[in-house]
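In case you want the letters, here they are:
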Amino acid sequence: MTYWFLFTKGDIYLQRTSDGRWKLPQQEMLPFGNEKEVIELPLINSDRAKALEVADLTVVPSGYDRMGLRASFQCLDAEAYQWAGKAAELLHWHLSTLYCGHCGHPLRYTTPISKQCEHCGREIWPTLSPAIIVRITRGDEILLVQSNTFKRDYYGLIAGFVETGESLEECVRREVKEETGMEITKLRYFGSQPWPYPRGLMLGFTAQWKSGTLQLQREELRKGGWFHRDKMPAIPEKLSMARMLIDDWLGEK
Ligand SMILES: [Zn+2]
């Protein structure tokens, strides 16, 4: 049986089950959409997997719900959510690499995770955009900030994309300096997480405040400050690395 990952503009279609939950469609035939645009994905537990960007439908087919990939975290088990993220990344990669960046000729699949130019022979693989996120604490206080891109009123952690030619540690120190004007110490790796929006890899770190007073970079952050562990504001959803870092700190005592 084939797992089907059907997307429209970053939303995924999940099949409703008889007990009021959701699952990934798994069947031989394409559930809906254009068969010609289907791509093959790496196998999932020896089952085939395919993905498709479906044209924006005015009516979602009966038995299915359309939801944001992030929202699907609440509806799928952890493993299925991770597969969906991988499928979304590979579909995004496919649709953004139809032609060779070197000579402009069409690219053809050689494996589900590689393509080759039919003209010049150039091979390409999916690339990731690594980003760092760092929890900065000062005794019983944590530095929380609100990015200008946040759609709701909650606070997160300092984060940013890794630039070419810098190490992860340099990236963390640069982002902290740029966004807060402060210096940190005791920088430690915490963990990582695929972040398929659309092709990220989130790398979490912890650090302690060393020096400097908070000066927010207004182009990126609209508010922020030090929050005592007993007076925490609204924080990010469970899915995120930010939340894992914050929960980890709150659970330390
Ligand atoms: Zn080429």
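Residues numbered from 1 in each chain as written. Predicted model: local features only at pLDDT ≥ 70, side-chain atom pairs only at ≥ 80, totals over all residues. Heavy atoms only, no water.

Draft legend 1. Spotlight on unusual backbone geometry. Residues tyrosine 197 and proline 198 are joined by a peptide bond in cis, for which omega reads 5°. Along the chain, proline 198 falls in the loop between β14 (183-195) and β15 (200-211). Positive phi, normally seen in glycine, also occurs at serine 46, with a value near 70°. As for its position among the elements, serine 46 is in the loop between β5 (39-44) and β6 (47-53). (Helix = DSSP H or I, 4+ residues; strand = E, 2+ residues; numbered from the N terminus.)

Draft legend 2. Spatial organisation of the coordination of the zinc ion. Each protein donor to the zinc ion is listed here as Cys100 (SG), Cys103 (SG), Cys117 (SG) and Cys120 (SG); together their distances run 2.3 to 2.4 Å. Coordination at the zinc ion comes from four donor atoms whose angles at the metal span 98 to 118°, giving a geometry best classed as tetrahedral. Mapping the donors of the zinc ion onto the primary sequence yields the spacing C-x2-C-x13-C-x2-C. (Donors = N, O, S within 2.8 Å, 3.2 Å for Na, K, Ca; no water. Tetrahedral: all angles 85-135°; square planar, octahedral: opposite > 155°, others 65-115°.)

Draft legend 3. How the structure looks around the domain arrangement of the protein. Assigned domains of the protein: these are domain 1 (2-96) and domain 2 (129-250). For domain 1 and domain 2, the distance between their C-alpha centroids amounts to 31 Å. Contact residues are listed per partner, giving eight residues for domain 1 and 10 residues for domain 2. Buried area between domain 1 and domain 2, both sides added, is near 890 Å², and the carbon and sulfur share of it is 62%. The largest contributions to the domain 1 side of the interface with domain 2 come from Arg70, Glu89 and His92, which together make up 56% of the buried area. (Domains from an automatic or database assignment. Contact = heavy atoms within 4.5 Å. Buried area = accessible area lost by both parts, 1.4 Å probe.)

Draft legend 4. Geometry of the nonpolar core. The biggest cluster of nonpolar side chains holds 42 residues, and the ones touching the most others in it are Phe5, Phe7, Ile12, Leu24, Leu41 and Leu157. If you list the elements that add at least two residues to this core, you get β1 (2-8), β2 (11-16), β5, β6, α1 (78-96), β11 (129-138), β12 (141-147) and α3 (241-250). For this core, the leading source of residues is α1, giving eight residues. For this core, the two domains that each supply at least three residues are domain 1 (2-96) and domain 2 (129-250). The residues contacting leucine 157, other than those within four sequence positions of it, are Ile133, Val134, Arg135, Ile142, Leu143, Leu144, Val145, Ala242, Leu245 and Ile246. Of all hydrophobic cores here, the second largest spans 19 residues; its members include Val162, Cys171, Ile184 and Leu187. (Core = buried A, V, L, I, M, F, W, Y, C linked by side-chain atoms within 4.5 Å. Buried < 20%, exposed > 50% of the residue type's maximum accessible area, 1.4 Å probe, protein only.)

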